[in-house]
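Below, each chain spelled out in residue letters.
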Amino acid sequence: MNRLDLRGIPCPQNSARALLKLSTMDAGEILIIIVDLGEPAQNVPESLEFAGHEILKQSKNSEGLWEIQVKNCD
Amino acid sequence: MSIYFDNAATTPLAPEVKEELLRIFDRPPGNSSSIHSHGVNSSLIVEAARANVARILGCHPDEIFFTSGGTESNNWVFTGIAEDPSVPKHVVVSSIEHASILGPVNHLEKKGWKVTRLPVSSEGIVSPSTLDTVLSQTPAALVSVMTANNEIGSLQDISALSCVCRKHQTLFHTDATQAVGKIPLNLSEQMVDFLTFSAHKIHGPLGVGALFIRKGRDLPPLLLGGPQEANHRAGTVNNAAIAGLSVALTISSPTPSELTERLIEEILKTISRAQLNGPRMNRLPGNVHFSFPGFEGRKLLRELDRRGFIVSTGSACSAGMNIPSHVLLALGKSHEEALSSLRISLSRYNSRDEVDAFLAAFKDIIVKHP
């Protein structure tokens, strides 16, 4: 499973890096993204959905960070 | 139309870079710090450039921070190091560094820091064993030695120097502004902690560069007041210029050695008083630097300019002032020899015909003005 750790990365750099990573993956592949709580947890999923990707699941993980499971719909 | 031989000062924009800049200028506007789709798209340009630059240099994207150029990157390193109260107040640099290193270094010295300026050989090479001796005697917060000298083209043994620093647990920075894109450089194989480079030396746009900060190291920001560059450099990011830097680095290649060789060989062969400055071998591609005792470099420059050839008497930063180059003085040149010098810096866009035209004109000048 592809993972991308974006903790500490501010918006919208985090969204951009997530989109960049997805652009290197095949359609249908799943990416797990870690972001900080707060604005990143809201902005990143919104940006990914706006770009046409499917958010499968998102929740706080054991480290207290926000974990997003997204399916690449490119 | 002039023939441009001052590529060490700045370079003409590559067509591919210009195309990329125009493509981005034509895009819908968006601040790469905005969270709407325009902002995200703008940020995507920057992140794609960062990933590409990191790939080419052999590092992680998180280790690349875009700046306004080499001068800012160099200043950032010294300013950042000086903010750490736990480090020894001692920095070590070579005696032939660029003004953008010597500036912040001199500033630290005025604030009470010890500065060791490493001597160089007659060809402009820093000795790793000399550095080892210095660090053994006096611990330092930082060592900074440029990868390739902007005036005389001498290439330092960055691997050996960074190894010495690692042995002494001292941070190592190299100003690679003249070297990136021209000589092989892989940060995954080097023990460099910080590395500076800029775009306009490799046919990219002016006003953009980068600082590599190895993971595990860090610097407080030089510019405050915004979260850009992962909270390392405030200020709206110049996404077009950064994209231009990325393209410039992708297509970069050194000047063909046969052009540089021809220029050096012919000048040595036909002008008896010519003195080559810097190493004969292991030299920055495209760099040619001579002293012509008995001549004033400034007058040679003007006459060549009048005949359509653009060269330099030294670094661009000191070219407007009639003072001898500190680099040439560090080699052991006299004031007169230093002021009799010319730097001719070729690029991959220069041709054999241009070099031959220059040689013909230059020989004519020397003969007519003995």
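What counts and what doesn't
- Residues numbered from 1 in each chain as written.
- Chains lettered and ligands numbered in written order.
- Predicted model: local features only at pLDDT ≥ 70, side-chain atom pairs only at ≥ 80, totals over all residues.
- Heavy atoms only, no water.
- Helix = DSSP H or I, 4+ residues; strand = E, 2+ residues; numbered from the N terminus.
- Buried < 20%, exposed > 50% of the residue type's maximum accessible area, 1.4 Å probe, protein only.
- Polar contact = N/O pair within 3.5 Å; in protein donor to acceptor, adjacent residues only side chain to side chain.
- Contact = heavy atoms within 4.5 Å.
- 1 Å grid on protein atoms, 1.4 Å probe; cavity = no way out; pocket = protein on both sides within 12 Å on 5 of 7 lines; lining within 4 Å.
- Points joined across faces, edges and corners; volume = space filled by probe spheres on them.
- Nonpolar A, V, L, I, M, F, W, Y, C, P; charged D, E, K, R; others polar.
- Core = buried A, V, L, I, M, F, W, Y, C linked by side-chain atoms within 4.5 Å.
- Expected span 1.5 Å × (residues − 1).
- Buried area = accessible area lost by both parts, 1.4 Å probe.
- Salt bridge = Lys/Arg side-chain N within 4 Å of Asp/Glu carboxyl O.

## So, the side chain of Thr177 of chain B
All names here are of chain B.
At step 1: In this fold, Thr177 is placed in the loop between strand 6 (171-175) and strand 7 (194-198).
At step 2: Its relative accessible area of 10% is what places Thr177 among the buried residues.
At step 3: A distance of 2.5 Å separates polar atoms of two side chains, one belonging to Thr177 and the other to Asp175.
At step 4: Here Thr177 is in contact with Gly70, Thr196, Phe197, Ser198 and Lys201, once residues within four sequence places are set aside.

## Remarks on empty space enclosed by the protein
Residue and element names in this part refer to chain B.
At step 1: Per the stated rule, a full pass over the model turns up three cavities of 30 Å³ or more.
At step 2: Taken as a whole, the largest cavity encloses approximately 150 Å³ of empty space.
At step 3: Lining the largest cavity are 21 residues, with Lys182, Lys201, Thr255, Leu346 and Ser347 sitting closest to its centre.
At step 4: Looking at the lining of the largest cavity, its residues break down into six nonpolar, twelve polar and three charged.
At step 5: The space that makes up the second largest cavity amounts to roughly 100 Å³.

## Regarding the nonpolar core
Residue and element names in this part refer to chain B.
At step 1: Core analysis: the biggest nonpolar cluster contains 59 residues, and Leu57, Ile64, Phe66, Leu131 and Leu195 have the highest contact counts within it.
At step 2: The leading source of residues in this core is helix 8 (residues 239-250), at eight residues.
At step 3: Those residues in contact with Ile64, other than ones at most four positions away along the chain, are Arg50, Val53, Ala54, Leu57, Cys59, Ala210, Leu211, Phe212 and Glu229.
At step 4: Counting 28 residues, the second-largest nonpolar core is a separate cluster that includes Ile3, Phe358, Ile365 and Ile366.

## As for helix 2 (residues 37-57) of chain B
At step 1: Along its 21 residues, helix 2 of chain B runs 30 Å from first to last C-alpha, staying within 8% of the 30 Å computed at 1.5 Å per residue.
At step 2: Within two residues after helix 2 of chain B, Gly58 of chain B carries a phi angle of roughly 80°, on the positive side.

## Digging into the interface of chain A and chain B
At step 1: Listed as interface residues are 14 residues of chain A and, on the opposing side, 18 residues of chain B.
At step 2: Both faces combined, the contact of chain A with chain B buries some 1,200 Å², and carbon together with sulfur accounts for 66% of it.
At step 3: Considering only the side of chain A, the residues that lose the most area to chain B are Pro12, Arg17 and Leu20 of chain A, jointly responsible for 39% of the buried surface there.
At step 4: In this structure, the salt-bridge partner of Arg17 of chain A is Glu47 of chain B, at a minimum N-O distance of 2.6 Å.
At step 5: Where chain A packs against chain B, one counts four residue pairs in polar contact (both at pLDDT 80 or more).

Purely geometric numbers; function is a separate question.
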